[in-house]
Amino acid sequence: MNVKKWIVLGVGSLIVAAASVWGGSSGFLSFGSAAYTVAVSQTSAGGIPQYSYESWWGPDIVALALGGATPTTNQVLAFAMNCDSSQALLIIYDKSNSNITTIAQTTSFDTVQAANLTTGITNLERFVAVFDVQPVGNLAGGYLTVAGRVHLDTNGCAMAVLTAKDRDSLDKVMGDEDVVKASPGNHKGITQRSGQVHFMGVLDVISNGQTNTVLIPTGHLTFTGQLS
């Protein structure tokens, strides 16, 4: 299979009801996301094990969580986190009925922060988080380790800024990169970003009645505008 360098999980706008997810926690924020990943599994040719590489797009991930059903344009992928940066979710949100499907949720979330040297206001945060993949649809489990950065408002909550201001000289060194421009479609309407992350992990995928291990050696997420 010809694996492209940048594979984007296309997503759209969404609105998330926080109370059902965080048990009433305030400060729940959700961000549209674009992501790249290549999935690696094992096949057998004549009894000889071989690597199998697949390019996974957003609808493919959504379809896995929906049990193989073809997602509609209303069913979108998003990254959500609460205001004190202690919890986060990778979710599918259905814009037509506000239903939420949780793909993965954090078991740990650790941060370091930085302040603007001119104003003294803490406005940046880097984090490393571990996510447990939930048994939903054709996903039997797994885990993701996610590391990256977000912008913060004066209350310490993640926020979006103009894309021209969403820059960090260490992005390349850290392994972060904007993948929105590589995604198919018209991106002229995307004027804000809230951060960048990279990730790796394992997905246990159910196929033909069997559970198979799928490695995610590397991937990228770009958080676009805040969806409130």
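Presented here is an overview of the structure given in this document. Bear in mind the structure is a predicted one, so any value in this text is a computation, not a measurement.

**Regarding the pattern of salt bridges**
Part 1: Applying the stated criterion to the full structure yields 6 salt bridges.
Part 2: Across the salt bridge formed by D166 and R193, the nearest N and O atoms sit 2.6 Å from each other. Note that D166 is positioned in the loop between β9 (161-162) and α3 (171-174) and R193 in strand β10 (residues 192-193), a separation of 27 residues in sequence. The residues D166 and R193 share a single accessibility class, namely buried.
Part 3: D178 is paired through a salt bridge with R193; the nearest N and O atoms lie 3.0 Å apart. With D178 in the loop between α3 and β10 and R193 in strand β10, this residue pair connects regions lying 15 residues apart in the sequence.
Part 4: Judged by relative accessible area, which is 22%, D178 ranks as partly exposed.
Part 5: For R193, a relative accessible area of 9% translates into the label buried.

**Overview of the pairing of strand β3 (residues 75-81)**
Part 1: With 7 of its 7 residues buried, β3 lies for the most part within the structure.
Part 2: Covered by surrounding structure in β3 are Q75, L77, F79 and M81 together with V76, A78 and A80, the residues of both alternating faces.
Part 3: Sheet analysis places strand β1 (residues 29-45) next to β3, joined by 4 bridges and oriented antiparallel. Bridge pairing in β3 links S30 to A80.
Part 4: Direction of pairing for β3 relative to strand β4 (residues 88-94): antiparallel, over a ladder of 7 bridges. The residue bridging L77 from the neighbouring strand is I92, located in β4.
Part 5: The hairpin turn running from β3 into β4, its antiparallel successor, is 6 residues long, and S85 in that turn takes a positive phi close to 55 degrees.

**Side note on the side chain of R149**
Part 1: Note that R149 resides in strand β7 (residues 139-152).
Part 2: Engagement of the side chain of R149 in a polar contact is seen with the side chain of D171, the distance being 2.8 Å.

**Re a nonpolar patch on the surface**
Part 1: A cluster of nonpolar side chains, L170, V173 and M174, forms an exposed patch at the surface whose accessible area comes to about 290 Å².
Part 2: Summarising the element assignment, L170 is placed in the loop between β9 and α3.
Part 3: According to the relative accessible area criterion, L170 is partly exposed, its value standing at 41%.

**Observations regarding the environment of E177**
Part 1: With respect to the helices, strands and loops of the structure, E177 is situated in the loop between α3 and β10.
Part 2: Remark: the alpha-carbon pair of E177 and H198, spanning 21 residues in sequence, is separated by 8.2 Å.

**As for the nonpolar core**
Inside soluble globular proteins, nonpolar side chains tend to come together where they are buried.
Part 1: If you look at the biggest cluster of nonpolar residues, it comprises 39 residues, and the most contacted ones within it are W56, I103, F127, F131 and L139.
Part 2: With 5 residues, the top contributor of residues to this core is β7.
Part 3: In contact with F131, other than residues within four places in its own chain, are F79, A88, L89, L90, A104, Q105, T106, G142, Y143, L144 and V146.

**Considering helix α2 (residues 58-65)**
Part 1: A large share of α2 lies buried, amounting to 6 of its 8 residues.
Part 2: Each element contacted by the buried residues of α2 is listed here: β3, β4, β5 (100-115), β7 and β11 (195-207).
Part 3: G67 lies just past α2 and shows a positive phi near 75 degrees.

**Section: the state of the cysteines**
Part 1: Counted according to the given criterion, the structure contains 1 disulfide.
Part 2: What pairs with C83 in a disulfide is C157, and their sulfur atoms sit 1.4 Å apart. In this structure the cystine formed by C83 and C157 twists about its S-S bond by roughly -45 degrees; its chirality is therefore left-handed. With C83 in the loop between β3 and β4 and C157 in the loop between β7 and β8 (158-159), the pair connects residues that are 74 residues apart, well separated along the chain. One exposure class covers both C83 and C157, and it is buried.

Procedures and definitions
- Residues numbered from 1 in each chain as written.
- Predicted model: local features only at pLDDT ≥ 70, side-chain atom pairs only at ≥ 80, totals over all residues.
- Heavy atoms only, no water.
- Salt bridge = Lys/Arg side-chain N within 4 Å of Asp/Glu carboxyl O.
- Helix = DSSP H or I, 4+ residues; strand = E, 2+ residues; numbered from the N terminus.
- Buried < 20%, exposed > 50% of the residue type's maximum accessible area, 1.4 Å probe, protein only.
- Pairing = 2+ DSSP bridges.
- Polar contact = N/O pair within 3.5 Å; in protein donor to acceptor, adjacent residues only side chain to side chain.
- Patch = residues over 30% accessible without salt bridge, like charges linked within 9 Å, V, L, I, M, F, W, Y side chains within 5 Å.
- Areas by Shrake-Rupley, 256 points an atom, 1.4 Å probe, with all protein chains shown as cover.
- Core = buried A, V, L, I, M, F, W, Y, C linked by side-chain atoms within 4.5 Å.
- Contact = heavy atoms within 4.5 Å.
- Disulfide = S-S within 2.5 Å.

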